[in-house]
Amino acid sequence: MVFTRRPAAVLTAIVAACAMAISLTACTTDANSQDTADDRTTVTSSAPGVVAMFTPSDGITLNQQTPLNKWAKLTPNLTKALTSAGFKKGDISHTTSDSLDKQSRAIQDYVVNHLSGSNTTDDAGIVISPDNITLLVAPVVEADASTRQYGDYVSQELSTADTAEGSDSTDSSDSSNSSDSSDSSTGSDSTDDSSSDASKTAGDSKNAAQAEAVDRLVSSLKLAKESGMHVVLMGNSIKGYKPDAFVRFSDAQAIGKLQAEKIVSKLELSKASKDNPKHIEVLMPYTAVDESGEASDSTFVQEAFRGIWQVLGAYYQKGVVESPSGTLNGNSTEDDWQSVAYDASKEGSTAKVLDARLAKADEHASPTRIDGIIAMNDYIASEVVTELDDLGYTGSAAEINPQITISGIVGNITGKKDLSRSDVPDPIKSPEKDDSADSTDSADTQDDSTATDKTDKTKDSQWPLVTGYGAYVSNIPSIVNGKQWMTGIEDRQTLAENIAEACALLNKGQTLTSMSSVRNTEVGGKKKVPTISGPLLAVSASNLKVTLIDPGYISLADAGL
C-alpha cells in the first residue's frame, strides 16, 4: 500500500505544479501581448511603442550660409529625446523625401504594410499594435528662395484649394495677355500663344500632381488614425485635416514681432521723445516672381510686416520713431508692407535699397543717422552689414545702451566674467534741436558749436542695431563683434523633448492635457487641436554661449573663437 500510494501522490503534485506554472504564464502573456491567428505576438500599450518620422530632405549645402533651423538638425535631437522617453532606438525610424509625391507614397506604404501585418520588428515575429504607433509627419511644402532663408520650420499650410486658385489666376492672366496683345502682329501673337500654352500646360500638370499627392497623403493619414495609429503634424498643416497633435514652429508674424520687440527694448523706445526720435528702417525681402514666372504668394511677407507693425506702429504714430527714407510714418498701417518690400532675388538688391534709403544730402555730408535696421533674416543681415561698412558707418551694436563690452562678450563666451559698464543717457532733445545753450559768449559758443558738430557727425556715423533670424553659422562672428546685433532660432532641444513626451502619452492612450507646452488651437481650419509650441530664442552676443554653444548647436570655432 505504501509503494502504491507514493507514486500517486508524487504524480498529483507534479500535475498541480504544472497547472500553476501554466496559469502564471498565461497571466504574464495576457498582460503584455495578444496571440494572433498565425502565432505572432502583438505588443500592446504597456510597451513604449514605435515612432516613425517623415520629414523633408534638406538641400545640398555647399557653404555655411544656411540657418540652423533645418530638419537634419532637429531629427538627432528628436531621436535623443525619444530614447530618453523610453523608446528603443530600433523602434524609431526616419524617412526623408524631397517631394510631397514621394513622401505621400512612403507614408502610404508604411501604413498599409503595418496594417497588413507584413512588417515585424524582429526575427521573433513581434508585431506592433497600431495604437502603439505614432507618425511624426512634417509635410513637404514648396518654398521660394526668400522664405527658405528663414529655415525649414516656418509654418505653412498644404491645400489643394490653393493649387486650384493658382491655376485660376494663370487662366486669368493668360486671358488678359491675349486680349492686350490682340492688335500685335500675327507672328508675335502665334509665338506668345504657343509659349503661354506650353507654360499653362506645364503648370496644370504640376498642379494636378501636387493635388494628387496631397489627396494621397490625407487618405493615408486618415487610414492610420482610423486603424488606431496616432498622427502628429510638425510645422506644416493640411487644410481640412485634424491630426492628434500639431507642432507649431516659427511663423512669419512671430519672426517679425521678435525682432521688433528686441529693437524696442535695446533702443529703450519707451524713453524716446518727439524732439529726439529714433531712426529705424524696415527691410522686407521677398521673391516677386517664382521659378515658373508667375507672381509669388506674398502671404509670408505680409504676415511678417504685420508682426513688426503690431510692435513698432504705436511708436511711429507717437512720432518717437522715424524712418530716414520716409517709407513709414505715423499714418502707415499694417497693410503698408509694400512700402518697405523689395525683390531680394535680384543680385545686389539689398545693397541698392539700403543705399537709397540712407542716401547722403551730398557727397561731403556725414552718413544718414540710423539707429536700427530690421533685416528679417541672417542672409539679408549679412548684406546689410557689408553695405553699412561701405557707407562709412563705424563702431558696433555693443556701443548702443551698452551693458557689456566686446572684451566682456568674448570673456563670457569663453567662460570668463563679463566686463560691464553703465548706460550712456540719451538726451531728451537732440543737439540740433536744443536751443538752451548760453549764447552770451561768442567764443564759447563757437567752441561749443564745433564740439557739437563733431559729436553730431560721430552720432550720425554710429553703427546701428541690425537684426536677423536663422542663426547662420557664417553670421556668428558678426554677432560676436557686434556688427549684427541679434538673430533668432527655434529652441530645438525643448521642442524635441516636448514632442517625445507627446508621443509617449499618445502611445499609452493618454491625452496631452498634462503638458504645459500644449494648448488647443485651430489648425488647418479645424478647432481644438492640441498644439505644442514654445517661444523663439533671441540670440545676441551677451547670451550666445547659453543659447547656442552650451546646447551644442555651434562650437567655439564657429563663433570665431
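Check the entry above for the structure.
Residues numbered from 1 in each chain as written. Predicted model: local features only at pLDDT ≥ 70, side-chain atom pairs only at ≥ 80, totals over all residues. Heavy atoms only, no water.

1. Describing the environment of Glu322
So, point 1. Position of Glu322 relative to the elements: it lies in strand β13 (residues 321–322).
So, point 2. Relative accessible area serves as the criterion here: at 35%, Glu322 is assigned to the partly exposed category.
So, point 3. Counting along the chain gives 48 residues from Glu322 to Lys274, while the straight-line C-alpha distance between them is 9.3 Å. (Helix = DSSP H or I, 4+ residues; strand = E, 2+ residues; numbered from the N terminus. Buried < 20%, exposed > 50% of the residue type's maximum accessible area, 1.4 Å probe, protein only.)

2. Some remarks on empty space enclosed by the protein
So, point 1. Taken as a whole, this structure holds two cavities of 30 Å³ or more when the rule is applied.
So, point 2. What the largest cavity holds in volume is close to 60 Å³.
So, point 3. Lining the largest cavity are Asp144, Ser146, Thr147, Pro285, Tyr286, Thr287, Ser296, Asp297, Ser298, Phe300 and Val301.
So, point 4. Elements supplying a minimum of two residues to the lining of the largest cavity: α4 (145–148), β12 (284–286) and α8 (299–318).
So, point 5. Of the residues belonging to the lining of the largest cavity, the class tally is four nonpolar, five polar and two charged. (1 Å grid on protein atoms, 1.4 Å probe; cavity = no way out; pocket = protein on both sides within 12 Å on 5 of 7 lines; lining within 4 Å. Points joined across faces, edges and corners; volume = space filled by probe spheres on them. Nonpolar A, V, L, I, M, F, W, Y, C, P; charged D, E, K, R; others polar.)

3. Regarding the packing of aromatic side chains
Think of a pair of aromatic rings as described by two things: how far the centres are apart, and how the planes are tilted against each other in angle.
So, point 1. As enumerated under the stated definition, the model contains eight aromatic pairs in all.
So, point 2. For the pair Tyr150 and Phe300, a centre-to-centre distance of 4.7 Å together with 50° between the ring planes defines the contact as tilted. A residue pair is termed long-range when its members are at least 10 positions apart, and Tyr150 in the loop between α4 and β7 (157–158) and Phe300 in helix α8 qualify at 150 residues. Accessibility classification places Tyr150 together with Phe300 in one group, the buried group. (Phe/Tyr/Trp six-rings, centres within 6.5 Å; stacked < 30°, edge-to-face > 60°.)

4. As for a nonpolar patch on the surface
So, point 1. Together, Val112, Leu115 and Leu223 make up an exposed nonpolar region whose accessible area comes to about 210 Å².
So, point 2. Mapped onto the elements of the fold, Val112 is located in helix α3 (residues 100–116).
So, point 3. Take Val112: its relative accessible area is 41%, and that puts it in the partly exposed class. (Patch = residues over 30% accessible without salt bridge, like charges linked within 9 Å, V, L, I, M, F, W, Y side chains within 5 Å. Areas by Shrake-Rupley, 256 points an atom, 1.4 Å probe, with all protein chains shown as cover. Salt bridge = Lys/Arg side-chain N within 4 Å of Asp/Glu carboxyl O.)

5. As for the side chain of Thr134
So, point 1. Along the chain, Thr134 turns up in strand β6 (residues 133–137).
So, point 2. Excluding its chain neighbours within four sequence positions, the residues that come into contact with Thr134 are Val50, Val51, Ala52, His230, Val232, Cys503, Leu506 and Asn507. (Contact = heavy atoms within 4.5 Å.)

6. Some words on the nonpolar core
So, point 1. Met284 and Leu312 are the most contacted members of the largest nonpolar core, which totals 40 residues.
So, point 2. Broken down by secondary-structure element, the contributors of at least two residues to this core are α7 (252–267), β11 (278–282) and α8.
So, point 3. Residues contacting Leu312, with those up to four places away along its chain left out, are Ala260, Val264, Leu269, Ile280 and Ile374.
So, point 4. Core analysis: the second largest hydrophobic core is formed by 30 residues, Val51, Phe87, Ile92 and Leu506 among them. (Core = buried A, V, L, I, M, F, W, Y, C linked by side-chain atoms within 4.5 Å.)

7. Quick word on the sheet that holds strand β18 (residues 518–523)
So, point 1. Read across the open sheet, the seven strands follow the order β4-β3-β6-β8-β10-β19-β18; overall the sheet is mixed. Sheet topology places β4 (92–97) and β18 at the edges, where each strand pairs with a single neighbour. In this sheet, adjacent strand axes meet at a mean angle of 30° when their direction is disregarded.
So, point 2. Where strand β8 (residues 230–234) meets strand β10 (residues 245–247), three bridges bridge the pair, whose relative direction is parallel. Within the sheet, the bridge partner assigned to Val232 lies in β10 and is Ala245.
So, point 3. Along the sheet, helix α14 (residues 492–507) contacts β3 (50–56), β6, β8, β10 and β19 (526–532); its crossing angle with β6, the most-contacted strand, is approximately 145°. (Pairing = 2+ DSSP bridges. Axes fitted to C-alpha atoms, helices over the stretch in contact; angles between N-to-C directions.)

Purely geometric numbers; function is a separate question.
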